[in-house]
Amino acid sequence: MSFEHPHLHPGPPGQRTLRVRVAEEGPLLETAVLRMARELAEALSWLHAAGRKHGRLTPDAVYFDAQGRAVLALEAPVADNDKGWVPFEQGAGKAAPASDLYQLGAALLFAASGKEPVSTGLPLAYRTPPELAAFSAPGRELVEWLVEPRWDRRPADAAAVARDAVNASQGRPNARRA
């Protein structure tokens, strides 16, 4: 598989992961979270179109290039089920594109709050953390949609999520709410 997507890299492209960035700078602002949402959703869309799933999208798989763009490493540590990174269907061996999108939402939640998904009740339920409550309605709704505990209520189309991230950054509703 060729890696000619600007937001994908076969292995770790550097040392600065999302986890390191949040530890150093604190939670990201909504504009940065929504930009990262678009970039990573575009990468997932490309992967899904190639018939692949990522399955390990956590703050340890997201890096930032010299221009500050999010880059998803394909070789990443296994997602930690105990911290809420693995949706039920993936834990049961039934991963789907919606599983990657759950992990994207959990990573966005981490970027916005600095908290592991389990601290918000995931994957069993979801409670909006105060940090995300400060987001605009479209930004908050996008993240909440992605971390929906039931896979059949989550988006399955990463390209649509990328468009929704752009819409949210412009204050427009996501596809589910439009």
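Look up a bit, the structure's there.
Residues numbered from 1 in each chain as written. Predicted model: local features only at pLDDT ≥ 70, side-chain atom pairs only at ≥ 80, totals over all residues. Heavy atoms only, no water.

### Description of the overall build of the protein chain
Right, on to step 1. Check the secondary structure of the protein chain and you find seven helices and three strands.
Right, on to step 2. The order of α-helices and β-strands along the protein chain, N terminus first, is β-α-α-β-β-α-α-α-α-α.
Right, on to step 3. For a compact globule of 178 residues, the expected C-alpha radius of gyration is about 16 Å, and the protein chain comes in at 14 Å, within 12% of that figure.
Right, on to step 4. Projected onto the principal axes, the alpha-carbon positions of the protein chain cover approximately 35 × 35 × 30 Å. (Helix = DSSP H or I, 4+ residues; strand = E, 2+ residues; numbered from the N terminus. Rg over C-alpha atoms; globule rule 2.2 N^0.38 Å.)

### Points about the environment of W46
Right, on to step 1. Relative to the helices and strands, W46 is located in helix α2 (residues 30-49).
Right, on to step 2. Linking W46 and H9, residues 37 residues apart in sequence, is a C-alpha distance of 12 Å.

### Some words on the pairing of strand β3 (residues 70-73)
Right, on to step 1. Burial along β3 is two-sided: A70 and L72 and V71 and A73, pointing in opposite directions, are all buried.
Right, on to step 2. In the sheet, strand β2 (residues 62-64) pairs with β3 via three bridges, with the strands oriented antiparallel. For F64, the partnering residue across the bridge sits in β3 and is A70.
Right, on to step 3. Counting the residues that bridge the hairpin from β2 to β3 gives five residues, and of these G68 lies at a positive phi of roughly 85°. (Buried < 20%, exposed > 50% of the residue type's maximum accessible area, 1.4 Å probe, protein only. Pairing = 2+ DSSP bridges.)

### Let's talk about the sheet that holds β2
Right, on to step 1. Taken in spatial order, the three strands make up an open sheet running β1-β3-β2, and their pairing is mixed. Two strands bound the open sheet, and with one partner strand each, they are β1 (8-9) and β2.

### A word on the pattern of salt bridges
Right, on to step 1. Applying the stated criterion across every chain, the model contains eleven salt bridges.
Right, on to step 2. One salt bridge connects D60 with R19, and the closest N-O pair in it is separated by 2.9 Å. Of the two residues, D60 is situated in the loop between α2 and β2 and R19 in helix α1 (residues 18-25); the sequence distance between them amounts to 41 residues.
Right, on to step 3. When its relative accessible area of 27% is taken as the criterion, D60 is described as partly exposed. (Salt bridge = Lys/Arg side-chain N within 4 Å of Asp/Glu carboxyl O.)

### Quick notes on the nonpolar core
Right, on to step 1. Counting 47 residues, the largest nonpolar core has L18, M36, L44, V62, L72, L104 and L108 as its most contacted members.
Right, on to step 2. In terms of residue count, the dominant contributor to this core is helix α4 (residues 97-113) (ten residues).
Right, on to step 3. Apart from the residues within four sequence positions on either side, L104 is in contact with A37, L40, A41, L44, L57, L146 and V161. (Core = buried A, V, L, I, M, F, W, Y, C linked by side-chain atoms within 4.5 Å. Contact = heavy atoms within 4.5 Å.)

### A word on the side chain of S99
Right, on to step 1. As for its position among the elements, S99 is in helix α4.
Right, on to step 2. Sequence-distant contacts of S99, defined by excluding residues within four places in its chain, comprise P87, E89, Q90, K94 and R154.

### Concerning the packing of aromatic side chains
Right, on to step 1. In this structure the tally under the stated criterion is one aromatic pair.
Right, on to step 2. Directly above the ring of F110 sits R19, whose terminal nitrogen or CZ lies 5.1 Å from the centroid.
Right, on to step 3. Directly above the ring of F64 sits R21, whose terminal nitrogen or CZ lies 4.6 Å from the centroid. (Phe/Tyr/Trp six-rings, centres within 6.5 Å; stacked < 30°, edge-to-face > 60°. Lys NZ or Arg CZ within 6 Å of the ring centre and 35° of its normal.)

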